[in-house]
Amino acid sequence: MPLITYRQAVNDALAEELTRDENVIILGEEVAEYDGAYKVTEGLLSKFGSKRVIDTPISEAAFIGLGIGASFLGIRPVMELMFWSFCYVAYDQVVNNAANVRYMSGGLMNCPIVIRGPANGGTSVGATHSHTPEGQLANFPGLKVVCPATAYDAKGLMKSAIRDPDPVYVMENTLLYGEEWEVPEEEYVIPLGLADIKRSGTDVTIVAHGRAALTAVKAAEILSTEHDIEAEVVDLRSIRPLDEETVLESVRKTNRAVIVEENKPFCGVGAQLAYTIQAKAFDHLDAPVKRVSALDAPQIYSMPLEKQQIPDAQRVLKAVLEVC
C-alpha cells in the first residue's frame, strides 16, 4: 500500500465522493481559489468547477446556514471550518437546526451535511483558535462526531460521513496533516461508530481518540520495552456513535483502564467513558479508572507551556504505572 499524508487522504476522499455523487459540494472560506487554508482541498476547484467547490464570505453563521438549508433539498454539503473554534458563531445552526430537523419533522427531512476542519491545540495559536469541541458536540442527540487519528482512518471515515443521512462533524488535527500512513488504493469506507485496536495487549487498556491515540501507542511501546507491561490501545475513532462494546471487551480482558484525550477534563469524553466502564465492567476492574487530559485552563499561547498542557507519552506512562 502506498504511503500518503493525512491531508492527501482527506483530499482523496473528497474527490472520490464529488465524483461519485453530483449532489456533493464543498463550501468554506478559501476552499476554492486558495486550495484551503491547510491545502486539504487543493486541486478540487480545477477538477470539479466553481459550482461544486465554492468560496464563501468570512461568516460561519452564513455558510453553515446555507449548507444546512441546501441539505434539506437533497444537496450534500461538506463545509470546512478554518478552525473548529469558529463553530461557536454558528452555534444555532450547528447544534440546534442541524441536530433537530429530522426529529422535529417526524423523519420527513434529513440534514446530510459534513462539517470538517482542525480541532486541536498544540500549534501555538492561542485560546480562541485551539478548541477540541468533540465532547460538547456529541452531547446533542442527532449529531455524529468522528476524530480520525491516521490517514487511513481519515479517508474511510470521511467517505462514510459524506454518505450518512445525518450531520457528521469531523475533527481533524493540523499536527497530523503532513504525517504519512499506508492507505490502500482500492475504495473502502469505515463505518461510523466502530473503534479500532491500534495495539493489542493484556495488562491495561488505554482508550483514546484523535492524536491522543498516537500518543497512547507511543506510551504503550515504552511500557513494553522498559516496564514489561503490554498495553492495549483502543482508538475510538468515533465519539458518537460510541463503540462501547470494543472498549468494554478490552477492559474485561486487561482489568485496568486509562483514558487519554486532548480535551479539557471537566465534562469531557473521558468522563463519559469512565462512567461507562465502571457501570458496565466494574466487577472486572482491578484498579480505579485513570484519566489523562489537557490541563484545565484556556489553551496556552506559549509553545513550551502548551506542550506541557497537552498529554504526552510520559504522562500516559505515569498513569499506567499507577494502575498497574
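Residues numbered from 1 in each chain as written. Predicted model: local features only at pLDDT ≥ 70, side-chain atom pairs only at ≥ 80, totals over all residues. Heavy atoms only, no water.

Asks: Explain the pattern of salt bridges to me, please; I cannot follow it from the model alone.
Replies: A side chain with one charge may pair with a side chain of the opposite charge, provided their charged atoms come close. According to the stated counting rule, one finds 24 salt bridges in the structure shown. The shortest N-O distance in the salt bridge between Asp-196 and Lys-198 comes to 2.8 Å. We classify Asp-196 as partly exposed; its relative accessible area is 24%. The partly exposed category is assigned to Lys-198, whose relative accessible area is 25%. (Salt bridge = Lys/Arg side-chain N within 4 Å of Asp/Glu carboxyl O. Buried < 20%, exposed > 50% of the residue type's maximum accessible area, 1.4 Å probe, protein only.)

Asks: What exactly am I supposed to notice about the domain arrangement of the protein chain here?
Replies: Reports often express the size of an interface as the amount of accessible area lost when the parts come together. Assigned domains within the protein chain: domain 1 (3–182) and domain 2 (196–323). Contacts between the two partners involve 29 residues from domain 1, matched on the other side by 21 residues from domain 2. Across the interface of domain 1 and domain 2, roughly 1900 Å² is buried in total on both sides, 57% from carbon and sulfur atoms. Viewed at the interface, domain 2 and domain 1 are joined by two salt bridges. For the side of domain 1 that touches domain 2, the secondary-structure elements that each account for two or more residues are α5 (134–138), β6 (144–146) and α6 (151–163). (Domains from an automatic or database assignment. Contact = heavy atoms within 4.5 Å. Buried area = accessible area lost by both parts, 1.4 Å probe. Helix = DSSP H or I, 4+ residues; strand = E, 2+ residues; numbered from the N terminus.)

Asks: Help me understand empty space enclosed by the protein in this model?
Replies: Picture a little ball the size of a water molecule; that probe, rolled over the atoms, points out where space is still empty. Per the counting criterion, the structure on display carries one cavity of 30 Å³ or more. The calculated volume of the largest cavity comes to roughly 120 Å³. Across the lining of the largest cavity, the residue classes break down as five nonpolar, five polar and four charged. The residue makeup of the lining of the largest cavity includes at least three contributed by each of domain 1 (3–182) and domain 2 (196–323). (1 Å grid on protein atoms, 1.4 Å probe; cavity = no way out; pocket = protein on both sides within 12 Å on 5 of 7 lines; lining within 4 Å. Points joined across faces, edges and corners; volume = space filled by probe spheres on them. Nonpolar A, V, L, I, M, F, W, Y, C, P; charged D, E, K, R; others polar.)

Asks: Quick question: what am I supposed to make of α6 here?
Replies: For an α-helix the count is 3.6 residues per turn, leaving residues at separations of three or four pointing the same way. With 13 residues, α6 should cover 18 Å at 1.5 Å per step; its first-to-last C-alpha distance of 19 Å lies within 8% of that length. Buried within α6 we find Ala-151, Asp-153, Ala-154, Lys-155, Gly-156, Leu-157, Met-158, Lys-159, Ser-160, Ala-161 and Ile-162. (Expected span 1.5 Å × (residues − 1).)

Asks: How should I be thinking about the packing of helix α7 (residues 211–227) against helix α11 (residues 313–323) in this particular structure?
Replies: Each pair of packed helices can be described by the angle between their axes along with the distance between the axes. Between α7 and α11, the shortest axis-to-axis distance is 8 Å and the interhelical angle comes to 55 degrees. As the angle between them shows, α7 and α11 are arranged oblique. Of the two possible hands of crossing, α7 and α11 adopt the one that is right-handed. Contact residues: Thr-215, Lys-218, Ala-219, Ile-222, Leu-223 and His-227 in α7; Ala-313, Gln-314, Val-316, Leu-317, Val-320 and Leu-321 in α11. (Axes fitted to C-alpha atoms, helices over the stretch in contact; angles between N-to-C directions. Parallel < 35°, antiparallel > 145°, perpendicular 65-115°, else oblique. Left-handed = near helix turned anticlockwise from the far one by under 90°.)

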